[in-house]
Every structure is written in structure tokens, then in C-alpha cells.
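If you want the building blocks of each chain, they are given just below.
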Amino acid sequence: MELLPRSPGEFGSARYWDRFFRQRGQRPFEWYGAFPELCPVLHKYVRPRDKVLVVGCGNSELSEQMYDMGMCEDIVNIDISDAVIRQMQERSESKRPKMRYLLMDMLQMDFPDAHFQVVLDKGTLDAILTDEEEATLARVDKMFAEISRVLQVGGRYLCVSLAQAHVLKKAVEYFSQEGWVVRVHQVAGSGDKQQFVLPVFVYVMTKFRKVPGSAPQILEICPEEQDKPMRVESAERLVAAVKDRQHYAMLCSQLSKTPCGEQVSLDLCDKECGRPRYTLHVIDSPSVKPSRDNRFAIFIIPQGRETEWLFGTEEGRRQLAASAGFGRLVTVALHREQDYEGMAGIQAELSGKVMELAPPGLPARQQVPFLSVGGDIGVRTVRHRDTSPLSGEYVVEDVKGDGTCYFRRLIFLRNRNVVQSEARLLAHTPLPGQKKRRKDKKKPGAAEPPTAIDKSYLCCEHHKAMVAGLCLLGGPNPLPGTPLAVLVVGLGGGSLPLFIHDYFSQAHVAVVEIDPSMLEVATHWFGFSQGDRMQVHVSDGLDYVAKLATEGTVLQSIPAQYDAIMFDVDSKDLTVGMSCPPPAFVEKPFLQKVKTILKPEGVFVLNLVCRDVQLKESVLATLREVFPLLYTRRIEGEVNEILFCQPSPEVRWDPTELGARAQVLEGDLRQPGRPWDSSYALADMLQAVKIL
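Residues numbered from 1 in each chain as written. Predicted model: local features only at pLDDT ≥ 70, side-chain atom pairs only at ≥ 80, totals over all residues. Heavy atoms only, no water.

- The name that an unreviewed UniProt entry assigns to the protein is eEF1A lysine and N-terminal methyltransferase, with the source organism given as Pluvianellus socialis.
- Among the UniProt annotations of the protein, the heading Sequence similarities (unreviewed entry) holds the following wording: "Belongs to the methyltransferase superfamily." (UniProt positions renumbered as here; feature names shortened; annotations may be inferred.)

Structure, rendered in C-alpha cells:
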């Protein structure tokens with residue numbers, strides 16, 4: 001049976017609706033939103049003594065149910081279809097004596113001004129506003145003007161809608177400009193009975209007298225999970241907030257029907273401040289054979305560990321889901337700006353929401369396990385927060401790693417999932433002969449994390465590879481006591497230049513850092529210090545290298561040419577597919593300047609982080625044009641690739657020879673009484689290099 005119009009314009013035709021209701025017969029037609037779902041919202045705005053007008057009533061049961069439930073009896077229903085008005089009069093005449101059905105066009109109503117306290121519209125605006133043609137918008141303006149005319153001051157226009165962007169925008173802009181208060185409610189869904197994937201909304205427009213001048217607009221949204229409205233500052237933001245909820249509903253619908261081929265991510269925001277509180281990733285594992293107990297689980301990532309490869313990358317999460325043995329795993333990352341009440345509090349807060357992401361076929365009352373590492377939510381302590389004109393907002397935070405280890409991290413909040421610098425913290429140990437402090441007899445609380453920096457430890461794998469690259473220096477191995485001139489561009493927390501300074505006792509290290517705030521952070525929070533063999537120059541690395549290449553000298557008696565030059569500098573431009581270094585640092589004219597200040601037997605070490613394949617190939621081609629000998633070392637599980645560039649092709653090492661040289665260097669660096677971590681494995685770093 002053909003019940004839909006041939007064109008959207010027919011929605012405004014009385015002839016179409018007469019034919020529609022004659023063909024449909026007595027069966028009620030509900031556009032969307034059954035009475036049980038709408039009732040909680042209607043109860044807030046419809047009082048028993050109100051006079052209610054229902055525009056475009058059709059043969060919906062909504063008016064009848066409101067009447068029968070005692071919500072309101074003085075209800076007038078109008079429609080342009082004579083067939084449906086006669087049908088509804090017959091249906092309610094004996095049962096509901098106070099309810100009336102009238103044949104009337106809502107664009108030209110016969111009621112006097114200010115006659116009603118409530119005008120109710122269930123899908124009528126959506127049916128009329130099918131496009132944004134001039135004629136359509138003119139009809140909508142007439143509709144709104146008539147509704148405004150028949151409503152009393154303080155009256156409410158309640159519009160049930162699917163909230164298409166152009167429909168919501170038109171309604172919000174019209175009534176807010178008239179000085180009305182606009183509030184949008186999201187209607188709670190009805191589970192499997194819900195007819196529409198998109199959620200249903202109710203616009204509540206409350207009429208106020210228009211104030212001369214520019215009175216502030218009052219725009220609010222009430223999500224389905226809360227009663228308290230949230231204020232938004234513009235119609236655009238209100239439309240965007242509704243759009244976010246529509247996308248979430250479509251996502252949940254999709255996930256409830258089919259497995260997701262790609263990982264899905266979404267943020268759940270704090271209802272008070274609107275900031276992200278949880279970041280969720282949904283991962284399906286097709287290889288897991290489903291059973292009753294392994295269909296679905298939630299994994300809480302401990303605070304501060306969301307940047308680790310296992311939790312912070314797509315491949316890592318895929319491995320985590322497979323090893324956990326669940327068909328669908330939802331990982332949950334916690335945000336640093338938020339406070340959490342432990343695992344039990346997080347579980348209570350998330351239980352209802354994560355069930356909306358459950359896989360198809362999960363029983364309604366199935367218990368879903370919450371998993372974590374060690375059963376807790378980790379420890380994250382923000383030590384310092386500030387804003388730099390160059391680097392933007394940043395934080396220094398201490399986080400708990402595996403076991404009892406703590407780490408200090410520098411995070412740029414413009415790219416919050418990337419650790420900019422990291423250092424391991426030393427546990428407090430008493431000096432020789434110093435007595436341990438007597439334990440307090442009071443009930444112990446949470447252990448305080450250590451605060452001293454372990455300067456001997458390189459947390460970043462790419463820093464270990466960069467240090468190993470010193471084995472490429474020509475001639476015999478660079479012994480720790482061999483004089484070396486090293487230039488490091490990019491300070492961060494200072495762990496790389498500090499390590500070279502401390503372990504190569506005759507090395508003179510010059511560091512170039514463009515952001516003076518980072519020098520303060522490194523000095524105050526990461527144990528960095530300057531001295532006779534360590535100097536920091538606050539300057540743009542491009543300018544500093546260009547000046548050296550031009551003048552041929554280096555300030556403060558450091559040799560004019562360097563044994564090693566290391567670039568570990570991030571790009572501030574996130575629109576480029578290369579986050580390290582900035583593109584200007586790998587342009588041919590600048591690389592030629594780098595070669596000028598590098599000794600013929602020296603090595604230029606570059607930390608390259610590039611996701612754009614074509615851009616990466618272009619960078620490598622440019623490097624090969626300037627440096628005849630080029631080695632590369634991929635960092636497993638990361639995007640980082642360390643490039644070792646040499647100006648002379650005469651000394652060429654194969655990976656086995658480099659591994660042997662690295663073993664000799666590592667042995668020399670392991671001095672008695674000096675800390676050395678077995679994870680450095682300099683030989684392994686260089687045995688995996690490739691010659692380009």
C-alpha cells in the first residue's frame with residue numbers, strides 16, 4: 001500500500017492527508033515517540049487546568065492518552081484532513097466529552113489571541129519543513145506566527161521532532177529572536193521497541209514579552225540522562241550538541257546490530273563542565289569464539305598509562321582485546337582534568353552507558369566484567385600546569401607505571417595522547433649511616449610518589465637509539481672519555497642531553513630550545529642543569545644553525561664543528577602529517593647548513609615522526625641528496641624512525657659491525673657505581689638498522 005507522498009510538498013496538502021488516512025483506516029499513526037517515552041517531558045510542561053491546542057493531530061493516540069491519564073482534559077485538536085477529523089470525533093465523542101476535534105488550517109486559525117497555555121506539535125513541523133526553499137520557509141513563518149498569537153505569555157510551544165539540523169536551527173532562531181526561552185529535551189528511548197534509530201527531541205519554547213534592545217538569548221539542552229538543563233551560548237552550539245547525540249544514537253544502533261570492522265572511539269563528557277571525562281574505544285575480536293561469558297567486557301586503563309603502546313595505539317588495543325579473550329572489549333581512558341571515586345565509582349557511573357555499546361545478541365541481564373591492570377585505576381598527580389605562548393597549554397604530571405615505578409611526564413595538551421618528555425623517579429633511600437624515619441603509628445594512607453629524578457634512565461626508546469648512533473662516529477669507538485662536541489636541537493625535559501653529558505665525561509653539549517618555558521620546566525621539574533660542558537641557547541634552531549654555518553664559529557669556546565648533531569624537535573603545526581621535526585628542518589638548503597657545521601666523520605641523528613607516506617618518502621629523498629650515507633632504525637610499536645646521516649660515504653658499517661661497536665661502547669659506559677639499565681641494549685638498537 002502506497003502511503004508516502006510523491007514529493008515533500010504533498011505533506012502540506014489536505015488532499016494527500018485525506019487519502020492517507022482513508023487508506024490507513026482506524027489504525028493510529030504515530031510519527032515517532034510513543035506516550036510512555038514522551039510522558040516524563042510532557043508532565044513538566046502541561047498542567048491539568050491548561051488549555052491545550054494540538055496542531056496537525058492526525059489520528060495519533062497522544063491526545064487521548066493525555067486525557068485518559070488525567071494529565072489534561074481541555075484539549076483542542078486541529079488538522080487539515082476532514083477524513084481524520086471525522087474519524088477522531090467518532091472515536092472520542094462518547095469517551096472524552098471535553099476533548100474537541102476541529103477541521104482547521106494551523107496557518108490560519110480561528111482562535112482568539114492568547115487563548116491557550118500550551119500548543120503541542122508532534123511531527124507537524126518536521127512534515128512541513130522538508131526543505132529550505134523560500135516558499136517552505138514562508139509557510140513555517142506563518143505557522144510560528146499563528147502559534148505565537150494564540151499562546152498566552154508564559155505559555156509553552158512543545159514540538160516533538162527528530163531535530164534535523166535545518167528544522168532545529170529554524171525553530172531556535174525564530175523563537176529566540178522573539179525573546180522566548182528555548183530548551184531542547186532528548187526523549188529517553190524505548191529499547192528494542194523504538195521505531196527510529198535517531199533519538200526523539202522535544203523543543204520547549206516558552207513565550208516571554210519581547211524586550212526592546214538586545215536581550216540575551218536563553219538556550220538550553222536537557223540530555224535524556226539528566227533533568228538539569230545545560231546552558232549553551234548560541235543556536236549553532238545547540239544544533240551541534242543535538243547532532244552529537246544523534247551521531248551517538250546511530251553509532252549505538254550500528255554496534256547493536258553488527259560487529260564493528262574498525263575501532264570506534266568516542267568521548268563521554270562531564271555533564272557539569274562539558275569537558276571529556278572518559279574516552280572509549282570499541283574493539284571487536286572476530287577470532288574469539290563467542291560463549292555466554294566472553295561476549296563483552298570493559299577495560300579501565302589506569303590513569304597516566306593511556307599513552308602506552310598497548311592502550312594508545314590501534315594495534316596495541318587489538319592485541320589487548322585478543323589477549324583478554326572477549327568478543328567485544330571497550331577500553332576506557334580517564335582524563336586528567338577529572339576526579340574519580342575509584343574503580344567502584346567508575347563502574348557505577350559507566351554501567352548504564354557502556355551497555356548501549358553492547359554487541360548483538362547479548363542477554364539483557366548479562367553481567368559485564370570491568371577489568372584493569374592490577375585491579376585499580378592508577379595514580380596521576382598533576383605537579384604543574386601552565387601555558388606557553390609557543391607550546392600552548394601543558395602539564396607536568398607524575399604517574400604510576402608497572403609495579404612500584406613512578407614516572408614524570410611533560411604533556412602538551414594540544415596533543416594530549418603524546419608524551420613529550422618522560423623521566424623515571426627515584427625512590428627515597430637514606431644516605432649511608434642515616435637512620436630511617438620511624439613509621440607513624442597512624443593508619444597508613446596512600447603512598448606518596450617519589451620526587452627525585454633518575455638522570456641515568458632513558459625512558460624513550462628513540463632516545464636510546466639516538467645515543468646508540470654515536471657508535472657511527474668514524475675511527476675507534478667514542479669512549480666515554482673521548483672529547484665530543486654535540487649539538488642537540490629540542491630540549492623538552494632534557495633527558496637526552498643530560499644522559500650524554502653525564503655518561504660521556506668529555507662531551508661538550510650545546511642545546512638549542514626555542515621556548516624559554518621549556519627551559520624552566522626542564523630545570524625545575526626534570527633535574528636539568530647547565531654547567532661548563534652543558535649550555536642552553538634559547539633560540540630558533542633554524543636561526544642558530546644558519547648563524548653557525550655562516551660565521552663558522554660557536555660561542556663560548558665550543559668547537560666550530562660538531563661530532564654529532566641531534567634533532568629531537570616537535571612541530572607545532574598539527575595539520576601537517578609530520579609531527580617531528582617541523583618541515584623547515586628537513587628542507588634541502590637547511591640540511592646543507594647542518595652538513596656544513598658537522599665534522600666530515602660526524603653523524604647527524606634525526607628523530608622522524610611522519611604518518612604521511614608520500615611526505616616521508618620526500619624527506620628521505622632530500623636527506624639522501626645531502627648525506628651520501630643514510631641509516632634508519634624503526635622504533636617498534638611507535639611511529640618514530642631514527643635516521644643516522646653521515647656526510648662521508650667512505651666508512652660504511654653493516655648492522656653486525658655496528659652491533660659489535662655498540663657492545664664495546666655499552667661496556668665502556670657501564671662504570672662501577674654508575675647506574676645502567678639493561679633495557680638500553682645499544683647493540684640491539686644498531687643491529688636492526690637498515691642502510692638506505
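### Thoughts on the sheet that holds strand 17 (residues 406-412)
Here comes step 1: What the 5 strands build is an open sheet, ordered 15-16-17-18-19; its pairing is antiparallel. The strands lining the two open edges of the sheet, one partner per strand, are strand 15 (380-388) and strand 19 (452-453). (Pairing = 2+ DSSP bridges. Helix = DSSP H or I, 4+ residues; strand = E, 2+ residues; numbered from the N terminus.)

### So, the nonpolar core
Here comes step 1: In terms of nonpolar packing, the biggest core is built from 43 residues, with Leu53, Leu125, Tyr157 and Tyr203 touching the most fellow members.
Here comes step 2: No other element matches helix 7 (residues 165-177), which puts 6 residues into this core.
Here comes step 3: Leaving out residues up to four positions away in the same chain, Leu125 has contacts with Val140, Met143, Phe144, Tyr157, Cys159, Val167, Ala171 and Tyr203.
Here comes step 4: Counting 36 residues, the second largest nonpolar core, distinct from the first, contains Leu472, Val603, Val605 and Ile642. (Core = buried A, V, L, I, M, F, W, Y, C linked by side-chain atoms within 4.5 Å. Buried < 20%, exposed > 50% of the residue type's maximum accessible area, 1.4 Å probe, protein only. Contact = heavy atoms within 4.5 Å.)

### Topic: the pairing of strand 20 (residues 484-489)
Here comes step 1: Of all 6 residues in strand 20, 6 are buried; the element is thus mostly enclosed.
Here comes step 2: Covered by surrounding structure in strand 20 are Leu484, Val486 and Val488 together with Ala485, Leu487 and Val489, the residues of both alternating faces.
Here comes step 3: Of the pairings in the sheet, the one linking strand 20 to strand 21 (residues 507-513) comprises 6 bridges and is parallel in character. Looking across to strand 21, one finds that Val488 is bridged to Val511.
Here comes step 4: Each parallel crossover has a hand, and the one from strand 20 via helix 13 (residues 495-503) to strand 21 is right-handed.
Here comes step 5: Looking at chain direction, strand 20 and strand 23 (residues 562-567) are connected through 4 bridges and run parallel. When the sheet's bridge partners are listed, Leu487 is paired in strand 23 with Ile565. (Right-handed = clockwise from strand over helix to strand, strands pointing away.)

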